[in-house]
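# Secondary and tertiary structure notes
The lines below spell out each chain.
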Amino acid sequence: MRMSINAYPTFMVFLAILLTAAIAMILLPFFIRLMHYRHIGQQVRADGPQRHLTKQGTPTMGGIVILVALSITTLALGGTDIATLLVLIATLLTGVLGFIDDFSKVAHARSLGLTPHAKIIGQTVITLVFVLGVVNFAGVEPYITFPFVNSSLDLGVLTTTLPIGDGFDIPWLYLAFLWLLMVGMSNAVNLTDGLDGLAGGCVMIVMAVMAAIAFRADLFGPALFAAACCGGCIGFLWFNSYPADIFMGDTGSLALGTAFAAMAVITKTEVVSLFIGGLFVVEALSVIIQVVHYKRTKRRIFLMAPIHHHFEKKGWSETKVVQRFWIITGAFASFGFVLYFAGTLV
């Protein structure tokens with residue numbers, strides 16, 4: 001008999017973490033053996049740190065197991081409201097896009113998969129479907145709030161209403177803003193996924209905070225989903241810690257980035273999420289700064305981008321980079337939660 005989420009909400013959220021972690025840890029050994037049997041392994045960048053060349057051929061696409069585990073948990077524990085389903089669908093669709101990217105890399109035995117253009121088109125379509133869905137069917141209002149100052153910016157001032165049903169709204173400014181947030185965060189988490197345990201540990205931390213925010217906002221379905229994401233990363237990290245037995249691939253990193261951004265939309269923490277996921281923002285900015293500066297001056301600011309590789313080049317061990325970036329993520333996420341909590345008090 002399925003337990004009611006409304007009866008024991010705190011217990012159910014913690015159960016979601018435990019159950020998803022358990023499912024992932026049970027499935028991953030079989031998945032790893034299957035990847036070995038099929039000779040499906042990671043293609044390592046030739047221009048990356050030399051010590052990463054030993055990772056060539058390590059099983060990849062472990063994000064499939066994370067997505068399966070969090071889907072089972074979310075649906076089994078009662079996260080079937082429209083908002084949660086839309087977040088889950090956006091996450092899974094991005095996972096499919098990442099899977100196509102990963103499969104392309106494996107099939108062609110190279111580190112490049114889908115072209116950036118094709119990837120952006122896929123992410124744009126997913127963002128469009130998600131945003132229009134949450135605005136028209138999940139009651140999400142097209143505005144963004146700013147922490148501490150208790151003010152908001154209405155991005156629904158430029159809205160087209162189509163004569164469908166009771167009216168189908170297309171808030172153009174809000175749609176554009178969320179395109180930047182969702183596509184940007186999805187790719188930022190993907191860029192972070194460059195060291196054993198780095199992306200998984202960072203996503204684990206930020207999704208735990210998003211679960212707490214959703215719980216405080218009485219959004220129990222999304223809280224379940226965020227907790228399941230956290231638990232999936234915990235189970236995955238058992239096999240992804242250095243030296244990794246498996247990588248999540250773009251299947252996992254792109255999907256988890258979308259999951260984080262989608263949770264920010266549902267909980268109306270679009271601005272606060274930039275602080276909670278501050279490390280992802282820093283990783284993305286390091287690449288942008290490196291590329292722009294190099295094109296203008298033919299000189300590099302960082303020894304290598306994303307920035308976690310810069311510290312590797314400076315002589316930090318992989319585990320030191322990962323552990324310190326986890327600490328930084330915890331600091332960013334804590335600060336973001338403080339901003340959110342203070343805003344609710346105001």
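Residues numbered from 1 in each chain as written. Predicted model: local features only at pLDDT ≥ 70, side-chain atom pairs only at ≥ 80, totals over all residues. Heavy atoms only, no water.

### Overview of the overall build of the protein chain
A tally of regular secondary structure across the protein chain gives 12 helices and 4 strands. Here the protein chain has a C-alpha radius of gyration of 20 Å; the compact-globule value for 346 residues is 20 Å, and the two agree. On the principal axes, the C-alpha backbone points of the protein chain span a range of 55 × 55 × 40 Å. Of the roughly 15,700 Å² of accessible surface on the protein chain, a fraction of 69% belongs to carbon and sulfur atoms. Side-chain charges of the protein chain comprise 20 positive and 17 negative groups, with the mean position of each set lying 14 Å from the other. (Helix = DSSP H or I, 4+ residues; strand = E, 2+ residues; numbered from the N terminus. Rg over C-alpha atoms; globule rule 2.2 N^0.38 Å. Areas by Shrake-Rupley, 256 points an atom, 1.4 Å probe, with all protein chains shown as cover. Lys, Arg positive; Asp, Glu negative; His and termini not counted. Charge placed at Lys NZ, Arg CZ, Asp CG, Glu CD.)

### Focus: helix α7 (residues 220-240)
Here α7 spans 29 Å end to end across 21 residues, near enough to the 30 Å set by a 1.5 Å rise per residue. Along α7, 18 of the 21 residues are buried, which leaves the element largely enclosed by surrounding structure. (Expected span 1.5 Å × (residues − 1). Buried < 20%, exposed > 50% of the residue type's maximum accessible area, 1.4 Å probe, protein only.)

### Here we look at the pairing of strand β4 (residues 168-171)
Sheet faces and side chains relate simply in a regular strand, where the side chains alternate between the two faces. Note: strand β3 (residues 159-162) against β4, 4 bridges, orientation antiparallel. Its bridge partner lying in β4, T159 is registered against P171. (Pairing = 2+ DSSP bridges.)

### With respect to the nonpolar core
Nonpolar side chains tend to gather and get buried jointly when the protein is soluble and globular. Membership of the largest hydrophobic core comes to 89 residues, with the highest contact counts inside it found for F130, Y174, M207, M210, F225, I276 and F280. Contacts of Y174, omitting those with residues within four sequence positions, involve V131, V135, V140, E141, P142, Y143, I144, L155, V265, K268 and E270. (Core = buried A, V, L, I, M, F, W, Y, C linked by side-chain atoms within 4.5 Å. Contact = heavy atoms within 4.5 Å.)

### Focus: the packing of helix α10 (residues 278-297) against helix α12 (residues 318-345)
Each pair of packed helices can be summarised by the angle the axes make with each other and by the distance between the axes. Put simply, α10 and α12 touch, their axes get as near as 8 Å, and they point 120 degrees apart. In terms of orientation, α10 lies oblique with respect to α12. Each of G278, L279, V282 and E283 in α10 lies in contact with α12, whose residues at this interface are F325, I328, T329 and F332. Grouping the constituent residues of the contact of α10 with α12 by class yields 5 nonpolar, 2 polar and 1 charged. (Axes fitted to C-alpha atoms, helices over the stretch in contact; angles between N-to-C directions. Parallel < 35°, antiparallel > 145°, perpendicular 65-115°, else oblique. Nonpolar A, V, L, I, M, F, W, Y, C, P; charged D, E, K, R; others polar.)

### A look at the pattern of salt bridges
Counting across every chain of the model gives 5 salt bridges. Between K119 and D101 there is a salt bridge, and its shortest N-O distance comes to 3.2 Å. Of this pair, K119 sits in helix α4 (residues 116-137) while D101 sits in helix α3 (residues 82-108), and the two are 18 residues apart along the sequence. A residue is classified by how much of its surface remains accessible, and K119, at 13% relative accessible area, is buried. Using a relative accessible area of 1% as the deciding quantity, one classes D101 as buried. For D250, the salt bridge identified is with K105, shortest N-O distance 3.2 Å. Note that D250 is positioned in helix α8 (residues 249-266) and K105 in helix α3, a separation of 145 residues in sequence. Taking relative accessible area as the criterion, K105 reaches 15% and is therefore assigned buried. Where salt bridges share partners, they join D101, K105, K119 and D250 into one cluster. (Salt bridge = Lys/Arg side-chain N within 4 Å of Asp/Glu carboxyl O.)

### Concerning the packing of aromatic side chains
This structure, assessed with the given rule, holds 9 aromatic pairs. Considering the side-chain rings of F137 and F168, the 6.2 Å spacing of their centres and the 55 degrees angle between planes classify their relative orientation as tilted. Placement of F137 in helix α4 and of F168 in strand β4 is noted, with a sequence separation of 31 residues between them. Exposure remark for F137: the relative accessible area of 53% places this residue in the exposed category. You can call F168 buried: its relative accessible area is 18%. Geometrically, the ring pair formed by F275 and F335 is edge-to-face, given 5.7 Å between the ring centres and 70 degrees between the ring planes. Of the two residues, F275 is situated in helix α9 (residues 272-276) and F335 in helix α12; the sequence distance between them amounts to 60 residues. Accessibility expressed as a relative area gives 33% for F275, which makes it partly exposed. (Phe/Tyr/Trp six-rings, centres within 6.5 Å; stacked < 30°, edge-to-face > 60°.)

### Quick word on the side chain of T20
Mapped onto the elements of the fold, T20 is located in helix α1 (residues 9-37). Not counting chain neighbours up to four residues away, the residues in contact with T20 comprise A69, L70, T73, A228, G231 and G232.

### As for the confidence of the model for the protein chain
Of the residues in the protein chain, 92% have a pLDDT of 70 or more, and the chain-wide mean is 92. Model confidence for the protein chain, summarised as mean pLDDT per element, is weakest for strand β2 (residues 151-154) at 90 and strongest for helix α2 (residues 63-76) at 98. The model gives residues 1-5 a pLDDT under 50, and that stretch makes 14 contacts with residues more than four places away or in other chains. (pLDDT = per-residue confidence, 0-100.)

### Considerations on unusual backbone geometry
Cis geometry marks the peptide bond from Y242 to P243, where omega comes out at -10 degrees. Residue P306 is bonded to the preceding A305 through a cis peptide linkage, with omega at 0 degrees. Along the chain, the position of P306 falls in the loop between α10 and α11 (307-313). Within the chain, H39 stands out as a residue other than glycine whose phi angle is a positive 55 degrees. Of note, H39 is situated in the loop between α1 and α2. On the accessibility criterion, H39 (70% relative accessible area) is exposed. Despite not being glycine, D218 shows a phi value in the positive range, around 60 degrees. Of note, D218 is situated in the loop between α6 (198-216) and α7.

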